[in-house]
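Here's the letter readout for the chains.
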Amino acid sequence: MTFRVIARLDVKPPNLVKGIHLEGFRQIGNPSVYAQSYYQEGADEISYQDIVASLYNRNSMDELISETAKSVFIPIAVGGGIKSGAQAEKIVMHGADKVCINTGAIKNPGLIEEIAGSLGSQAVVLGVEAKKISKNVYTPMTDCGREHSGMDIRWWIEKASELGIGEIVLTSIDQEGTLKGFDFELFSQVRGSTNVPIILHGGAGSLEDICAAAKAGADGVAIASLLHFKKTTIREIKESLAAANIGVRV
Amino acid sequence: MKITLVDYGLGNQYSVIQALKYLGYASEIDTDGTLISHAEILLIPGVAAFGKGMQNLKKRGQLEAIRQFSSKGRPLIGFCLGAQMLLRNSDEDVTTGGISLVNGEVKLMNSEYCRIPNQGWHPLEIKNSSTFSGFQGKFFYFSHSYRMALDDAATPGGQILIGNEFVSAFFFHENILAVQFHPELSGNTGLEFMDTAINTANIWT
């Protein structure tokens, strides 16, 4: 299986934004334009996250998804405020291929089965935003990193896997936006709690960080800061992975 | 040439329609079976679960129409779930049979070799086909937990290697082309595959 390089775009509709530790989001530009350019450069997937959907209880990604799907022919994952099977189906109707759920699933784990039942589990991505609360102890947060769930991450990952998720996008809140590297202790705990593919997100600061993720056994990485702030390109990332003998799609 | 897409209320028609548009093909969408009998080429897309997909086809009157269409030997193409539903039945939902136009079954992937779902890009190995030989070694996007297992393993098409096992990537038989991966999500390579498949519809070799 090839290692996936996914472009992650946090969106505060209609803008592409970027924050640090899931706060202080700055506007960067037009998300659809950025998505197009990452696609042209060889990204394996586009992942859109509406970061204010849970906060404002609204869904305004439809137009962006449809616009993107007109010229971006790789999988598009969409997350942010998804609370029901009907919402998930609507998002797929507009051109998305997978839906990413976090808060919705923690508050109502039955949501996983509901969406998997109609779209298939391969369309269900569990978004996990993990915060370290003490040495080697992590908890999944909800509402874009603002609220505590009270759970140990290993327990939640096992439960969600039993309920039928297709893959996990694992974000380290402590690392994200810092460019200081991924949290491999976090990855290891999640890897030990599930068999589904895991995409690492949050903290990639260099090509070496990304190679390290592949060598540690992640199934892919979701990259934001490094790409949006033009510190590297998808092409460069894939070349460095290939040079390290990691199989990537060319 | 116009492609008739079968909309069964789930599936991701939008991406497929956009891909067809990009390639310059006209398309129409059938939602109740009435457009199927006059279709030139029928395409069944798919992002859904087998049981629900089959239920919807029945409810919308499309199931019989598809069988009739195929019995006339007109080209029928299925993507992902759309391909799997063409077989007899699926492990995903043992209470609901498939459209049964191809001799084979849909089986759960082997977790010994493969993370389930099989989600990601794989290079194709082409088997006994000159039409698709140009896609040897090219990468396509797969997203599935179940795989197509044909009664006749020598059916031409393509496969991918997962661990020690070959998994069917696509096959063609008479008027039917069944594609396990998502050509509409496989970048430029996928678009080329779609173009080739449509241009050589019914004369695939």
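Residues numbered from 1 in each chain as written. Chains lettered and ligands numbered in written order. Predicted model: local features only at pLDDT ≥ 70, side-chain atom pairs only at ≥ 80, totals over all residues. Heavy atoms only, no water.

Enquirer: I would appreciate a short explanation of the packing of aromatic side chains in the present structure.
Expert: Describing an aromatic ring pair means giving the distance of the ring centres and the angle of the ring planes. Throughout the structure, instances matching the rule amount to 18 aromatic pairs over all chains. Taking 6.5 Å as the distance between ring centres and 45° as the angle between the ring planes, the aromatic pair formed by B:Phe132 and B:Phe135 counts as tilted. As far as burial versus exposure is concerned, B:Phe132 and B:Phe135 are alike and both buried. Site record: aromatic cluster; members linked through ring pairs are B:Phe132, B:Phe135, B:Phe140, B:Phe142, B:Phe170, B:Phe172, B:Phe181, B:Phe193 and B:Trp204. Positioned above the aromatic ring of B:Trp121, the side-chain terminus of A:Arg249 is 3.8 Å from the ring centre. (Phe/Tyr/Trp six-rings, centres within 6.5 Å; stacked < 30°, edge-to-face > 60°. Buried < 20%, exposed > 50% of the residue type's maximum accessible area, 1.4 Å probe, protein only. Lys NZ or Arg CZ within 6 Å of the ring centre and 35° of its normal.)

Enquirer: Would you mind going over the environment of A:Thr68 with me for this structure?
Expert: All names here are of chain A. Mapped onto the fold, Thr68 is located in helix H3 (residues 62-69). Sequence separation between Thr68 and Ile28 is 40 residues, and the spatial gap between their C-alpha atoms is 17 Å. Aside from chain neighbours lying at most four places away, what touches Thr68 is Ser32, Ala35, Tyr48 and Ile76. There is a polar contact of 2.8 Å between the side chain of Thr68 and the backbone oxygen of Leu64. (Helix = DSSP H or I, 4+ residues; strand = E, 2+ residues; numbered from the N terminus. Contact = heavy atoms within 4.5 Å. Polar contact = N/O pair within 3.5 Å; in protein donor to acceptor, adjacent residues only side chain to side chain.)

Enquirer: So what exactly am I meant to see when it comes to the nonpolar core here?
Expert: Within soluble globular proteins, side chains that are nonpolar generally end up buried alongside one another. Counting 114 residues, the largest nonpolar core has A:Phe3, A:Tyr48, A:Leu241, B:Phe132 and B:Phe170 as its most contacted members. Those residues within four positions of A:Phe3 in sequence are excluded, and the remaining contacts are A:Asp44, A:Ile210, A:Ala213, A:Ala214, A:Ala218, A:Asp219, A:Gly220, A:Val221, A:Leu241, A:Ile246, A:Gly247 and A:Val248. By size, the runner-up hydrophobic cluster in this structure holds 29 residues, among which are B:Ala39, B:Leu87, B:Met148 and B:Ile176. (Core = buried A, V, L, I, M, F, W, Y, C linked by side-chain atoms within 4.5 Å.)

Enquirer: What exactly am I supposed to notice about the confidence of the model for chain B here?
Expert: Reading fine detail from the predicted coordinates is not recommended where pLDDT is low. When pLDDT is averaged across chain B, the result is 93; 100% of the residues are at 70 or more. The complex model carries a pTM of 0.92, and its ipTM stands at 0.90. (pLDDT = per-residue confidence, 0-100.)

Enquirer: Would you mind showing me how to read helix H7 (residues 153-163) of chain A here?
Expert: For the α-helix, the turn length of 3.6 residues means that residues three or four positions removed from each other point alike. Residues and elements named next belong to chain A. Residues of H7 that are buried include every one of Ile153, Trp156, Ile157, Ala160 and Leu163, and no others. All buried residues of H7 lie within an arc of 130° about the axis, which places them on one face of the element. Contacts made by the buried residues of H7 are with helix H5 (103-107), helix H6 (110-119), strand S7 (124-134), strand S8 (137-142), strand S10 (167-172) and helix H8 (184-191). Capping the start of H7 is the job of one residue whose side-chain oxygen sits 2.8 Å from the backbone nitrogen of Arg154: Asp152. One or two steps after H7, the chain reaches Gly164, where phi turns positive at roughly 110°. (Arc of directions from axis to C-beta.)

Enquirer: Honestly, the sheet that holds strand S4 (residues 76-79) of chain B in this entry has me stumped. Any pointers?
Expert: Think of a sheet as strands paired side by side through backbone hydrogen bonds, with each pair either parallel or antiparallel. All names here are of chain B. One open sheet holds the eight strands; their spatial order is S2-S1-S3-S4-S14-S13-S12-S9, and the pairing between them is mixed. Of all strands in the sheet, those bounded by a partner on one side alone are strand S2 (26-30) and strand S9 (125-127). Ignoring strand direction, the axes of neighbouring strands in this sheet form an average angle of 25°. In terms of strand pairing, S4 meets strand S14 (residues 176-179) through four bridges, oriented parallel. Note that in S14 the partner of Ile77 across the bridge is Leu177. Along the sheet face, helix H1 (residues 13-23) touches strand S1 (2-6), S2, strand S3 (41-44) and S4 and points at about 175° away from the line of S1. (Pairing = 2+ DSSP bridges. Axes fitted to C-alpha atoms, helices over the stretch in contact; angles between N-to-C directions.)

Enquirer: Even after reading the chapter, I still don't get the interface of chain B and chain A, so can you show me in this structure?
Expert: The extent of an interface is frequently quoted as the accessible surface area lost upon association of the parts. In this assembly, 33 residues from chain B lie in contact with 38 residues from chain A. Carbon and sulfur atoms make up 58% of the surface buried where chain B meets chain A, a total of about 2800 Å² over both sides. When the buried surface of chain B facing chain A is broken down by residue, B:Tyr14, B:Arg115 and B:Trp121 rank first, second and third, together holding 26% of it. Joining chain B to chain A, the criterion identifies zero salt bridges. Taken together, chain B and chain A are joined by nine residue pairs in polar contact (both at pLDDT 80 or more). Top contributing element to the side of chain B that touches chain A by residue count: H1(B), with six residues. The residue inventory of the side of chain B that touches chain A, partitioned by class, reads 14 nonpolar, 16 polar and three charged. (Buried area = accessible area lost by both parts, 1.4 Å probe. Salt bridge = Lys/Arg side-chain N within 4 Å of Asp/Glu carboxyl O. Nonpolar A, V, L, I, M, F, W, Y, C, P; charged D, E, K, R; others polar.)

Enquirer: Just checking my understanding: could you explain the pairing of S3(B) for this structure?
Expert: Sheet faces and side chains relate simply in a regular strand, where the side chains alternate between the two faces. Residues and elements named next belong to chain B. Here S3 shows no split at all, with Ile41 and Leu43 on one side and Leu42 and Ile44 on the other all buried. Summarising the sheet, S1 and S3 pair through three bridges and their orientation is parallel. Bridged to Ile3 within S3 is Ile41.

Enquirer: Looking at this structure, I do not really get the side chain of B:His122. What am I missing?
Expert: The residue B:His122 is located in strand S8 (residues 118-123) in this model. Side-chain polar atoms of B:His122 contact the side chain of B:Asn118, separated by 2.8 Å. In contact with B:His122, other than residues within four places in its own chain, are A:Met1, B:Lys138, B:Phe139, B:Phe140, B:Phe142, B:Ile160 and B:Ile162.

Enquirer: Sorry, what's going on with the sheet that holds strand S11 (residues 146-150) of chain B here?
Expert: Residue and element names in this part refer to chain B. Reading across the sheet, the four strands line up as S6-S5-S7-S11 and stay open at both edges, with mixed pairing between neighbours. Only two strands of the sheet have a single partner each, and these edge strands are strand S6 (93-97) and S11. In this sheet, strand S7 (residues 104-108) lies alongside strand S5 (residues 89-90) in parallel orientation, the contact comprising two bridges. Residue pairing across strands places Asn89 opposite Glu105, the latter belonging to S7. Against the sheet, helix H2 (residues 50-59) engages S5 and S6, with an angle of about 15° to S6.

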